[in-house]
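Structural description and commentary
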Amino acid sequence: MSSIPNHVAFIMDGNGRWAKKQGLQRLLGHKKGADVVKSVIQQCMDKGINYVTLFAFSVENWKRSSEEVSGLMDLLRKYFSAEFSNIMEKNIRVRFIGDRTGQSKLPNDITDMLAGIEERTKDNTGITIVFAINYSGRDEIVRAAQMFAEDVDASRRYASDFDEEVFSDYLDTIHIPDPDLVIRTSGEQRISNFMLWQMAYSELYFCETPWPDFTEEDLDKALESYAERDRRFGVA
Ligand code: IPE
Ligand code: IPE
Ligand code: MG
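Criteria and cut-off values
- Residues numbered from 1 in each chain as written.
- Chains lettered and ligands numbered in written order.
- Predicted model: local features only at pLDDT ≥ 70, side-chain atom pairs only at ≥ 80, totals over all residues.
- Heavy atoms only, no water.
- Helix = DSSP H or I, 4+ residues; strand = E, 2+ residues; numbered from the N terminus.
- Rg over C-alpha atoms; globule rule 2.2 N^0.38 Å.
- Buried < 20%, exposed > 50% of the residue type's maximum accessible area, 1.4 Å probe, protein only.
- Contact = heavy atoms within 4.5 Å.
- Areas by Shrake-Rupley, 256 points an atom, 1.4 Å probe, with all protein chains shown as cover.
- Lys, Arg positive; Asp, Glu negative; His and termini not counted.
- Charge placed at Lys NZ, Arg CZ, Asp CG, Glu CD.
- Disulfide = S-S within 2.5 Å.
- Near = heavy atom within 4 Å.
- Polar contact = N/O pair within 3.5 Å; in protein donor to acceptor, adjacent residues only side chain to side chain.
- 1 Å grid on protein atoms, 1.4 Å probe; cavity = no way out; pocket = protein on both sides within 12 Å on 5 of 7 lines; lining within 4 Å.
- Sits in = over half its atoms within 2 Å of the grid points.
- Nonpolar A, V, L, I, M, F, W, Y, C, P; charged D, E, K, R; others polar.
- Points joined across faces, edges and corners; volume = space filled by probe spheres on them.
- Axes fitted to C-alpha atoms, helices over the stretch in contact; angles between N-to-C directions.
- Parallel < 35°, antiparallel > 145°, perpendicular 65-115°, else oblique.
- Left-handed = near helix turned anticlockwise from the far one by under 90°.
- Salt bridge = Lys/Arg side-chain N within 4 Å of Asp/Glu carboxyl O.

On a plain count of helices and strands, the protein chain comes out with seven helices and six strands. Computed over the C-alpha atoms, the radius of gyration of the protein chain is 18 Å, within 12% of the 18 Å expected from 2.2 N^0.38 for a compact globule of 236 residues. Among the 236 residues that make up the protein chain, the fraction classed as buried is 48%. Restricting the contact set of the protein chain to residue pairs at least 6 apart, pairs at least 24 apart contribute 76%. Accessible surface, the protein chain as shown: approximately 12300 Å² in total, 48% of it carbon and sulfur. Considering the protein chain, the positive charge centre built from 29 side chains and the negative charge centre built from 39 side chains are found 6 Å apart.

Structure follows, in structure tokens:
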């Protein structure tokens, strides 16, 4: 098995605390965090990682102040409009996971923007970057189960078809391999409803560095830790 993970997922945490420590508004922490996203994508490309997932906004994050939420939505608009040409130039395929159904709280222009980016990058053959936006693991599993049930109701499926492989195809991550390594920054050692199904056998790495300060050195430490692990997948 390769010592370089095929898929690395990041729980990008600590933007707010980073900003507070510098006496800045939380949103400035998110802004700095977006710059780190650009660098980390390049670093992962250089290291030969094929899939990178970035947890950018959770379903639970709607509970934050309306000021922070609208600031984050604006940052998404700005990030993708500034980065789109770079994404195409670097042959990056972009996928989004998270609720983008009509009932979701995402503003329509953002839902449309994400669909457009996915469509326009779908034939790119370089690294795949997966942005988790309005995402939570339980929400994804419930939406997938609802879609399967609708297919059963409509006689497109039998209930007896249901197994892990079939179910995986109803998840937002269809055709995306499970993460090999999940990195959470900023000291908290929890999953916060991220990729619950997909992380069944992921290696976990927690570091103290807040996301806005995350450097290539931090990434290298995580990858070194990963390379030393013995993944057994239940086999003795
Ligand atoms: C992560 O940083 C970014 C998002 C959740 C959008 P936080 O905003 O959670 O920063 P802390 O954890 O409050 O420091
Ligand atoms: C997880 O971070 C969500 C993202 C990184 C987008 P949170 O900061 O929202 O998680 P909790 O509240 O510390 O569990
Ligand atoms: Mg946080």
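Additional details are given in the paragraphs that follow.
Before going further, it helps to examine the state of the cysteines. Counted according to the given criterion, the structure contains zero disulfides. Cys207 supplies the cysteine sulfur nearest to Cys44, a cysteine that is in no disulfide, at a spacing of 13 Å. On the basis of relative accessibility, which here comes to 9%, the residue Cys207 falls in the buried class.

What follows covers the site of ligand 2. Neighbouring ligand 2 are Ile11, Met12, Asp13, Phe55, Ala56, Phe57, Asn61, Arg64, Arg184, Arg190 and Ser192. In the model, an oxygen atom of ligand 2 is placed 3.0 Å from a nitrogen or oxygen of the Asn61 side chain. The separation between an oxygen atom of ligand 2 and a polar side-chain atom of Arg190 is 2.7 Å. Computed on the free molecule, ligand 2 has an accessible area of 390 Å², of which 77% lies beneath the protein chains in the complex. Judged by the proximity of its atoms to the pocket grid, ligand 2 belongs to the largest pocket. It is strand E2 (residues 51–58) that provides the largest number of residues to the shell around ligand 2, a total of three residues. Split by residue class, the shell around ligand 2 holds five nonpolar, two polar and four charged.

Time to look at the site of ligand 1. Not every one of the 13 residues close to ligand 1 is listed here, only the nearest: Met12, Asp13, Gly16, Arg17 and Arg64. In the environment of ligand 1, an oxygen atom lies 2.7 Å from a nitrogen or oxygen atom belonging to the backbone of Arg17. Relative to its unbound accessible area of 380 Å², ligand 1 is 88% covered by the protein chains. Judged by the proximity of its atoms to the pocket grid, ligand 1 belongs to the largest pocket.

Quick look at the layout of surface pockets now. A probe as big as a water molecule, rolled over the atoms, marks out the empty space that is left. The space that makes up the largest pocket amounts to roughly 680 Å³. Taken together, the elements giving at least two residues each to the lining of the largest pocket come down to helix H1 (15–21), helix H2 (26–46), E2 and helix H3 (66–89). Ranked by the residues each element gives to the lining of the largest pocket, the list is headed by H2, at five residues. Along its surface, the second largest pocket is lined by Phe96, Gly98, Asp99, Arg100, Thr101, Gln103, Arg143, Gln146, Met147, Glu150 and Asp172. Broken down by element, the lining of the second largest pocket gets its largest block of residues, four residues, from helix H5 (residues 137–153). For the lining of the second largest pocket, the class distribution of residues is two nonpolar, four polar and five charged.

Another point: the packing of H2 against H3. The geometry of a pair of packed helices is captured by two quantities: the angle between their axes and the separation between those axes. Relative to each other, H2 and H3 sit at 30 degrees, their axes nearing to 10 Å. Relative to H3, the element H2 lies roughly parallel. Where H2 crosses over H3, the two elements pack in a sense that is right-handed. Contacts from Arg26, Leu27, His30, Lys31, Ala34, Val37, Lys38 and Ile41 in H2 reach Glu67, Glu68, Gly71, Leu72, Leu75, Tyr79 and Glu83 in H3. Split into classes, the residues belonging to the contact of H2 with H3 amount to seven nonpolar, two polar and six charged.

Scanning the model with the defined rule gives 24 salt bridges in all. Where Arg100 meets Glu118, a salt bridge forms, and the shortest distance between an N and an O atom there is 2.9 Å. In this pair, Arg100 is assigned in the loop between strand E3 (93–97) and helix H4 (108–120) and Glu118 in helix H4, connecting sequence segments 18 residues apart. Note on Arg100: relative accessible area 25%, which makes it partly exposed. A salt bridge links Asp139 to Arg143; the shortest N-O distance between them is 2.9 Å. Of this pair, Asp139 and Arg143 both sit in helix H5, four residues apart, which is roughly one turn of the helix. Take Arg143: its relative accessible area is 11%, and that puts it in the buried class. Put simply, Asp13, Arg17, Arg184, Glu188 and Arg190 are held in one network by salt bridges that share partners.

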